[in-house]
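# Topology and contacts: notes
Now for the letters of each chain:
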Amino acid sequence: MEEKNKVRKQKRMLLIQPTIYDQYHKLVKKNMLYFIGLTMPLLAAECGDEWDVEICIETIEEIPWDTDIDLIGIGSMGHSIIRGIEIAKEFKKRGKTVVMGGYMASLVSEEVKQYCDTIMIGDAEGYWQDMLNDYLNDELKPFYSKKIDKLSTPVPRYELVTKKKIGDFLPVQAGRGCPNNCSFCSIACLYKGKYLRREISEVVRDIKRVKELGFKKFLLIDDNILSDRKYMMDLCEEIKKLNMEWYSQCSIHLANDDELLKCVVDSGCTCLSFGVETITKSNLQKLNKSWEDPEEYSSLIQKLRNAGIDVATEMMLGLEDDTKESIRQTAKFIIENKVEAPKFYILCPVPGTEYFEEIKNSKDLVNHDIYTYSPNKATKNTPNLTAEEIDKLYWELYNEVYSIRNIFKRVIFTKKFLKYPKRELFIFGVNLFYRYHIKHGIAPIII
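About the cut-offs
Residues numbered from 1 in each chain as written. Predicted model: local features only at pLDDT ≥ 70, side-chain atom pairs only at ≥ 80, totals over all residues. Heavy atoms only, no water. Helix = DSSP H or I, 4+ residues; strand = E, 2+ residues; numbered from the N terminus. Rg over C-alpha atoms; globule rule 2.2 N^0.38 Å. Buried < 20%, exposed > 50% of the residue type's maximum accessible area, 1.4 Å probe, protein only. Contact = heavy atoms within 4.5 Å. Areas by Shrake-Rupley, 256 points an atom, 1.4 Å probe, with all protein chains shown as cover. Lys, Arg positive; Asp, Glu negative; His and termini not counted. Charge placed at Lys NZ, Arg CZ, Asp CG, Glu CD. Axes fitted to C-alpha atoms, helices over the stretch in contact; angles between N-to-C directions. Parallel < 35°, antiparallel > 145°, perpendicular 65-115°, else oblique. Left-handed = near helix turned anticlockwise from the far one by under 90°. Nonpolar A, V, L, I, M, F, W, Y, C, P; charged D, E, K, R; others polar. Core = buried A, V, L, I, M, F, W, Y, C linked by side-chain atoms within 4.5 Å. Pairing = 2+ DSSP bridges. Right-handed = clockwise from strand over helix to strand, strands pointing away. Salt bridge = Lys/Arg side-chain N within 4 Å of Asp/Glu carboxyl O. Expected span 1.5 Å × (residues − 1). Arc of directions from axis to C-beta. Phe/Tyr/Trp six-rings, centres within 6.5 Å; stacked < 30°, edge-to-face > 60°.

### Quick notes on the overall build of the protein chain
Looking only at helices and strands, the protein chain has 18 helices and 14 strands in total. The C-alpha atoms of the protein chain give 22 Å as radius of gyration, which agrees with the globular expectation for 447 residues (22 Å, within 12%). Overall, the protein chain is about 75 × 55 × 40 Å in size when its C-alpha atoms are taken along their principal axes. Buried positions account for 57% of the 447 residues belonging to the protein chain. Taking all contacts inside the protein chain whose residues are at least 6 apart in sequence as the whole, residues at least 24 apart take part in 73%. Summing over all exposed atoms, the protein chain offers an accessible surface of approximately 19,900 Å²; the carbon and sulfur share of this is 51%. Charged side chains in the protein chain number 65 positive and 67 negative. The centres of these two groups are separated by 4 Å.

### Regarding the packing of helix α9 (residues 229-240) against helix α10 (residues 258-266)
Interhelical geometry of α9 versus α10 gives an angle of 30° and a closest axis separation of 8 Å. The angle between α9 and α10 places the two elements in the roughly parallel class. Of the two elements, α9 crosses α10, and the hand of that crossing is left-handed. Along its contact with α9, which presents R229, M232, M233, C236, E237 and K240, the element α10 presents E259, L260, C263, V264 and D266. Its residues assigned to classes, the contact of α9 with α10 comprises six nonpolar, no polar and five charged.

### Considering the nonpolar core
W128 and L235 are the most contacted members of the largest nonpolar core, which totals 101 residues. Sorting elements by how many residues they give to this core places helix α15 (residues 387-401) first, with eight residues. In contact with L235, not counting residues within four places along its chain, are A174, I200, V203, V204, L220 and I225. If you look at the next biggest cluster of nonpolar residues, it comprises 25 residues, including I74, I85, A88 and I119.

### Overview of the pairing of strand β4 (residues 97-101)
For β4, the buried fraction is high: five of the five residues fall into the buried class. On β4, burial covers both faces: T97, V99 and G101 on one face and V98 and M100 on the other are all buried. Of the strand pairs in this sheet, strand β3 (residues 71-74) and β4 are connected by four bridges, and their pairing is parallel. Bridge pairing in β4 places I74 opposite M100. Remark: the β3/helix α3 (residues 81-93)/β4 crossover connection has right-handed handedness. Both β4 and strand β5 (residues 118-121) contribute to a ladder of three bridges, which runs parallel. The residue of β5 that forms the bridge with G101 is M120.

### Topic: the pattern of salt bridges
On inspection of all chains with the given rule, the structure shows 42 salt bridges. A salt bridge links R209 to E159; the shortest N-O distance between them is 3.7 Å. Placement of R209 in helix α8 (residues 200-212) and of E159 in the loop between β6 (143-145) and β7 (169-173) is noted, with a sequence separation of 50 residues between them. The exposure class of R209 is partly exposed, given its relative accessible area of 25%. A residue is classified by how much of its surface remains accessible, and E159, at 34% relative accessible area, is partly exposed. E212 is the partner of R209 in a salt bridge, and the nearest nitrogen-oxygen pair spans 3.4 Å. Placement of both R209 and E212 in helix α8 is noted, with a separation of three residues, approximately one turn of the helix. Each member of the salt-bridge network shares a partner with another, and the members are R305, D310, E340, K416, R423 and E424.

### Section: the sheet that holds β5
What the six strands build is an open sheet, ordered β2-β1-β3-β4-β5-β6; its pairing is parallel. Each having just a single partner strand, β2 (52-57) and β6 make up the two edges of the open sheet. Pairwise comparison of adjacent strand axes, ignoring direction, gives a mean angle of 20° for this sheet. Bridging between β5 and β6 involves three bridges; their strand directions are parallel. Bridge pairing links I121 to S145 in β6. Each of β1 (12-17), β2 and β3 is contacted by helix α2 (residues 39-47), which is oriented at about 165° to β1, the strand it contacts most. Each of β1, β3 and β4 is contacted by α3, which is oriented at about 165° to β4, the strand it contacts most.

### Regarding helix α12 (residues 294-306)
Taking 1.5 Å of rise per residue, 13 residues should cover 18 Å, and α12 covers 19 Å from first to last C-alpha, within 8% of that figure. Listed in full, the buried residues belonging to α12 are P294, Y297, L300, I301, L304 and R305. On an axial view of α12, the arc spanned by its buried residues comes to 135°, and they lie on one face. Those residues of α12 that are exposed and aimed more than 90 degrees away from the buried face are E295 and N306. Buried positions along α12 lie against α10, β12 (269-277), α11 (281-286), β13 (310-317), α13 (324-336) and α17 (415-419). Of the residues trailing α12, G308 is marked for its positive phi of about 105°.

### Focus on the packing of aromatic side chains
Within the structure shown, the criterion is met by 15 aromatic pairs. Centroid distance F169 to Y247: 5.3 Å. Interplanar angle 90°. Geometry classified as edge-to-face. With F169 in strand β7 and Y247 in strand β11 (residues 245-249), this pair connects stretches of sequence that are 78 residues apart. Between the aromatic rings of Y297 and F333, the centroid separation amounts to 6.3 Å while the plane-to-plane angle is 55°, which identifies the pairing as tilted. Highlighted residues: Y297 in helix α12 and F333 in helix α13, separated in sequence by 36 residues.

Structure representation (structure tokens):
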């Protein structure tokens, strides 16, 4: 009888992408989410056709607490782990089986395990089906982990998210991991310098699926696609044939390669995000990112803009050599270089990273509760600034860069606006959207 009951267990799963908390400890909720994560549609595909899978994106939806689905999967990207643990605890109270995974759960798996039934450590490909089979047979293991040497995935089940309130593009993955080892980076911690890329035919297959679903744009997900020049060239040649617009992130040194930059633009790329981190050279050296030179940033950004690329940047505050003046200069740098979509983060000691190990016993650490860590709240004093000063300067920087006057300077009053008015008007709208959330104490991390 027991064996028959095991077989009869329904093959249903609810995958939840948690939201985050703002600085007032309120859940970030939005009417529309432009950047949709790939993890949940991909895990749904890994389940196979025999599984009935539902996806809940908490930023734009309410969690169905009263669901009759017994198997709950919860992601943990960045500090959404905090909300993820809360969700796990509530579903456990309701008698559900809870699986957690993602970067953060992988880095602190022993800690997170106390709130759920099992943890998926690292990449789920290769052992996701093992977990599902063990669940059906009531034989779940506490941890699942398997190193992969080749990245190959099924077509993500995009149709599970396309009817939600999302933007006009979908994500497609090219590669995973990064050959660099920046001390603050969770990706560097997990992949240890390894970079895995998918076969170009597989990437193109997914882009075609996005197009079949009626989308004209896609977001190419890759932690460092510039690390393989030939791969990037070949992929762009294939993308060009599809007549799609696309966005991605890569190293700012793309601007030094005229041939590759032209190939990227000709293939339909219109916007790239660059992790320039800081304009202070000594800070980069202390982050194991000494190959970057802030003195080159302005000329590189200009080359990218002249080529037709909209430039987004990601920068950090709360670094060792930051001062009030260097942060003011950061605002000036963004405005003068007309960066269309700048984002800022306070350096956060992610558990498991090299940086966390360096400072976890520091007398300058003012917050020892890892469950409250976030990229918009300082956790330590630096030689020149207290944590409180860093918090204050963070919001002053955001408000300065996203003032109405400076939005016009960066986006509207430019030669680029005359060349691409429709596209720049859209970016203008994005800036106003960011500004609205900044004014309400929500940093534009999830959009």
